[in-house]
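What follows is the residue order along each chain.
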Amino acid sequence: MSDSQSLLVLTPGDDVAVARGDIAAGQQLSADGIALIARQPIPSGHKIALRPVSAGQQVLKYGQTIGLATQGIESGDYVHVHNLDMPTTNAEHSVQNIYAATLLSSEPASFEGFVRDDGRVGTRNYIGVISSVNCSATVCKHIANAFSSERLKDFPNVDGVVAITHGSGCGMGAKGEGIDILKRTLRGYADHANFAGVLLIGLGCEVNQLTPLMNELGDRSALLKTSLIIQEAGGTREAVQRGIAHIEEMLPVINNFRRTTVAASHLSVGLQCGGSDGYSGITANPALGAAVDLLVRQGGTAILSETPEIYGAEHLLTARAASANISAKLMERIHWWEAYVRHNDGDMNNNPSPGNKAGGITTILEKSLGAVAKAGTTGLMGVYQYAETIDAHGLVFMDTPGYDPVSATGQVAGGANLICFTTGRGSTYGCKPTPSLKIATNTGLFQRMELDMDFNAGGIVDGLESVAEAGQRLFQLMLDTASGRPTCSEENGLGDNEFLPWQIGAVM
């Protein structure tokens, strides 16, 4: 790699460039017409100063502020946590609205999905065994585990039997935000288009009673929507036996479902990033954003989430809001998080994890600016509470924590039938009943974890393809996966233990 190819300048006028590979101290470099010498070693994906920055001055990357210099920075200096910190911000931005309606594509795309009776489309054909409370979790797991691949060999159109269990459902208030979130999440999973049939199991005496939950579920035949209460069944072993019998009755019916060709507008994609690094905002996230733009042009839906990880970049979303009400709803959630974190003696800038920092991300502003790139360029059409049913098409936002399993659980409860998950450090996240595509930010990661990574966006930084080309390739992979192509996490048997609803409120 020549010295002129060693650095990436993302936006003209940026104060820092990103190292394409490891840079040695004393190495001569040039970028954007600027000649400089590295004053310290710069790890791959990390930042080097292009020009002097005084202490207290803003540092720009992506054409946006990513922090304030905590000391004087010289041209060629390594820029990271030792000399860059989070500025004080109240998350208020005055930005002219730039929303414009998206024109639908004149070239319709499609995939092969399972059309349900209510018109929704599944990308998988699972049976769900869902616990109302932690006390029924073991029974759910025993029932699901009884249906091995050998036992299901005569039902090739059934993707599997999945236990959806959790650690809550009792020891909590019968009213309030905590129980409301849990009920929304369980209802969203039980009604999910990727579950052709569901069996819900309760203990009997829990706060989260099963009968009200069953009454709130959408219409299905009694055979494909049933329940068990352990205390009424006669105990654990009896409940397991009855549960297995219920599933055996479902199997022939569910095996009769077949994939048919449907429009890409039926695709609802949850956008996730985890284990981010310095390349996330340069390769994988922009490539996913380009694929999202293609999806939205097909009438599909993309769900951006992880509110703490858009903090400081929310103005890029409010500027694209389709209405003032949508913009206000997003800012309300931002302010809720500020108050929530203060109440818990936290700091919004503590979000970048040790892995993020090792990968080159310094502040939450830098992380957020890269994370928002997953959302592409189309208008923001709605803002939803955690696990609310998504009923809008186009790009929407769901308020979730940044913790990936909790965030993706909310998206799936909202109706996501595909997850696209970018990673720079190497996440292996699986998400039954919804397939999860893992998108590597760099070629080294893709080659190192090739059995876990579904897509390599590293060709962008390697100079082998453009963001638009990678986005087109990723969009096709999304359609193929929705049509049944297994993801790496599915092939590796991941996804049975990642259901993790957001817990808010007192445990009593």
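These remarks concern the structure in this document. Small disclaimer: the values here were computed from a predicted structure and weren't measured.

Across its full length, the chain holds 14 helices and 23 strands. The C-alpha radius of gyration of the chain comes to 24 Å, within 12% of the 23 Å expected for a compact globule of 508 residues. Taken along its principal axes, the extent of the C-alpha atoms in the chain is 75 × 45 × 40 Å. Across the 508 residues that make up the chain, the buried fraction comes to 58%. In the chain, of all internal contacts separated by at least 6 residues, the share reaching a separation of at least 24 is 71%. Element-wise, carbon and sulfur atoms account for 49% of the exposed surface of the chain, whose accessible area totals about 20,000 Å². Seen as two clouds, the 35 positive and the 51 negative side-chain charges of the chain have centres 3 Å apart.

What follows is about helix α11 (residues 404-413). Burial analysis of α11 places ten of its ten residues in the buried class, the great majority of the element. Buried within α11 are the following residues: Asp-404, Pro-405, Val-406, Ser-407, Ala-408, Thr-409, Gly-410, Gln-411, Val-412 and Ala-413. Downstream of α11 by one or two residues, Gly-415 has phi in the positive range, about 120 degrees.

Turning our eyes to something else, we now look at the side chain of Asn-255. For Asn-255, the location among the structural elements is in helix α5 (residues 236-255). At a separation of 2.9 Å, a polar atom in the side chain of Asn-255 contacts the main-chain amide nitrogen of Asn-157. With residues near it in sequence (within four places) discarded, Asn-255 still touches Asp-154, Phe-155, Pro-156, Asn-157 and Val-158.

Throughout the structure, instances matching the rule amount to eight aromatic pairs. Consider the rings of Trp-336 and Trp-502, whose centres lie 5.8 Å apart with planes at 85 degrees: the pair is edge-to-face. Separated by 166 residues along the polypeptide, Trp-336 in helix α8 (residues 324-343) and Trp-502 in the segment after α14 (488-491) bring together distant segments of the chain. Across the pair, Trp-502 and Trp-336 agree in class, each one buried. One Lys or Arg, Arg-116, reaches over the ring of Phe-257 and ends 4.9 Å from the middle of that ring. Across the ring face of Phe-147, the terminal group of Arg-151 is positioned such that the distance to the ring centre comes to 4.8 Å.

The subject of this paragraph is the environment of Ile-504. Inspection of the secondary structure puts Ile-504 in the segment after α14. On the basis of relative accessibility, which here comes to 14%, the residue Ile-504 falls in the buried class. Beyond its immediate chain neighbours, meaning those up to four positions away, Ile-504 contacts Glu-177, Gly-178, Ile-181, Trp-336 and Tyr-340.

So, on to the pattern of salt bridges. Enumeration over the complete set of coordinates arrives at 15 salt bridges. Put simply, Lys-374 and Glu-306 hold a salt bridge, and the shortest N to O gap is 4.0 Å. Of this pair, Lys-374 sits in the loop between α10 (364-371) and β19 (380-384) while Glu-306 sits in the loop between β18 (301-304) and α7 (315-318), and the two are 68 residues apart along the sequence. For the pair shown, Lys-374 and Glu-306 are each scored as buried.

Right, let's talk about the layout of surface pockets for a bit. In this structure, the largest pocket spans a volume of roughly 500 Å³. Around the largest pocket sit 25 residues that line it, and Arg-120, Thr-389, Ile-390, Gly-414 and Gly-415 are the ones nearest its centre. Its residues assigned to classes, the lining of the largest pocket shows seven nonpolar, twelve polar and six charged.

What counts and how
- Residues numbered from 1 in each chain as written.
- Predicted model: local features only at pLDDT ≥ 70, side-chain atom pairs only at ≥ 80, totals over all residues.
- Heavy atoms only, no water.
- Helix = DSSP H or I, 4+ residues; strand = E, 2+ residues; numbered from the N terminus.
- Rg over C-alpha atoms; globule rule 2.2 N^0.38 Å.
- Buried < 20%, exposed > 50% of the residue type's maximum accessible area, 1.4 Å probe, protein only.
- Contact = heavy atoms within 4.5 Å.
- Areas by Shrake-Rupley, 256 points an atom, 1.4 Å probe, with all protein chains shown as cover.
- Lys, Arg positive; Asp, Glu negative; His and termini not counted.
- Charge placed at Lys NZ, Arg CZ, Asp CG, Glu CD.
- Polar contact = N/O pair within 3.5 Å; in protein donor to acceptor, adjacent residues only side chain to side chain.
- Phe/Tyr/Trp six-rings, centres within 6.5 Å; stacked < 30°, edge-to-face > 60°.
- Lys NZ or Arg CZ within 6 Å of the ring centre and 35° of its normal.
- Salt bridge = Lys/Arg side-chain N within 4 Å of Asp/Glu carboxyl O.
- 1 Å grid on protein atoms, 1.4 Å probe; cavity = no way out; pocket = protein on both sides within 12 Å on 5 of 7 lines; lining within 4 Å.
- Points joined across faces, edges and corners; volume = space filled by probe spheres on them.
- Nonpolar A, V, L, I, M, F, W, Y, C, P; charged D, E, K, R; others polar.

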